[in-house]
Amino acid sequence: MTGQRDAQRLDLRALRRRAMLTQEELASRAGVAARTIRDLESGRSRPQARTLRLLLDALGLDVAGPDAAGPEPEEDAPRGAPLAPDRTVPRELPRAPTVFVGRDEVVDGVVAAVESGSLLVALHGMAGVGKTSAAVWLAHRLAPRFPDGQIFVDLHGVRKADDPQPDPRGVLTRLLRSLGTDGQELPADLDELRARYRSVAAGRRMLLVLDNAKDADQVEALLPGTPSSLVLSTSRRDLSRLAGAYSVPLGALDLAEAVTMLRAEVGDRITGQDAVAVAERCGCLPSRSASPRRGSAAAPSGPRRICSPGCPTTTTCSPSSTSGTAVSPPR
């Protein structure tokens, strides 16, 4: 009950303004949805114990201090056992995208679902739509909620013809090593290896990104056995048949968003008119790995590749391109 009384007397709007933060900035710092901030400030909802702690931490307030009181420790106990001091804490997330446009509803929806207890988020969409970028962005946003570590694994569900088949044993070994298990101590039997993984992951509050999954079965085999961790998965296939999954279909950005992303990536190397022409004619968006960088050496004259490597056009994408079909932005 103490936590409820503290939540009732928390003037979040006043604290946020004192910190000179917008609702969106506070939401980003705390790893909660902007919609949650709006509902709390308007009195439409009350914060859960964990949400209250995240908000106070983001505001730089001592939960035991006079400005704002937090929940009793026993009311804010994690769903999983606390991390032992000698356990390995992996921090494997790739760098967050420097440009991320047009996914506000997706981000707010996923954050709200996680706040409501969802522990499996499944992003799916066609090639080049931005699944990995969205998953990494979300993982960085949600990471403060999962202090026992963050792991990123490419499952190679979509691979080149000469790439080896994904090896379940290799993926499990990779996960166990990330969690601090000596590879020489691992069992040879696949079922025993899965059981060892579930035992090591049990009780940890960690975030696991399973990128580029072949299908739902590949993801299912890697889910932790206890409800204390969050899994973000991406696939070209719909993974909604996974029990308890919050399924998120990703589509293409609209033209304005595509132009914004293209200009942010290429900078002053392209005019607004040319950016519109590229987005309309090519149907692609620039990827960070393929586009010229702001401040880099001047690009050579003539056509330049400023679109995703997966662009279906037969010529290099440029304002003069006339071929190409409408596709989604990069994965």
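See above for the structure.
Just so we're clear, the structure is a prediction, and the values are computed from it rather than from any experiment. (Residues numbered from 1 in each chain as written. Predicted model: local features only at pLDDT ≥ 70, side-chain atom pairs only at ≥ 80, totals over all residues. Heavy atoms only, no water.)

1. Focus on the overall build of the protein
Threshold: Strands here mean DSSP runs of E at least two residues long; helices mean DSSP runs of H or I at least four residues long; both are numbered from the N terminus. The buried label applies to any residue whose accessible area, calculated with a 1.4 Å probe on protein chains only, is under 20% of its type's maximum; exposed applies above 50%, and partly exposed to all values in between. Contacts are residue-level and defined by heavy atoms, with any inter-residue pair within 4.5 Å sufficient. Only the protein chains shown count as covering a residue, and every accessible area follows the Shrake-Rupley method with a 1.4 Å probe.
Summing up its helical and strand segments, the protein has 12 helices and 5 strands in all. A buried classification covers 48% of the 331 residues belonging to the protein. The contacts of the protein with a sequence gap of at least 6 include a subset with a gap of at least 24, amounting to 68%. A total of about 16300 Å² of accessible surface is found on the protein, and carbon and sulfur atoms cover 49% of it.

2. Examining the pattern of salt bridges
Note the threshold: One speaks of a salt bridge when a side-chain nitrogen belonging to Lys or Arg is within 4 Å of a carboxyl oxygen belonging to Asp or Glu.
Going through the model one piece at a time under the given rule, you end up with 6 salt bridges. The residue arginine 145 makes a salt bridge to glutamate 115 at a minimum N-O spacing of 3.2 Å. Of this pair, arginine 145 sits in the loop between helix H7 (131-142) and strand S2 (150-154) while glutamate 115 sits in helix H6 (residues 104-115), and the two are 30 residues apart along the sequence. Accessibility expressed as a relative area gives 3% for arginine 145, which makes it buried.

3. A look at the side chain of serine 233
If you trace the backbone, serine 233 turns up in strand S4 (residues 230-235). According to the relative accessible area criterion, serine 233 is buried, its value standing at 0%. Apart from residues lying up to four places away in sequence, serine 233 is in contact with Leu120, Val121, Ala122, Leu123, Leu210, Val219 and Leu239.

4. Considerations on helix H5 (residues 49-58)
Given 3.6 residues to a turn, an α-helix orients residues that are three or four positions apart in the same direction. Burial within H5 is extensive, with 7 of its 10 residues counted as buried. Within H5 the residues assigned to the buried category are Arg50, Thr51, Leu52, Leu54, Leu55, Leu56 and Ala58. Considering only its buried residues, H5 is in contact with helix H2 (12-18), helix H3 (23-30) and helix H4 (34-42). Following H5 by one or two positions, glycine 60 has its phi on the positive side, about 75°.

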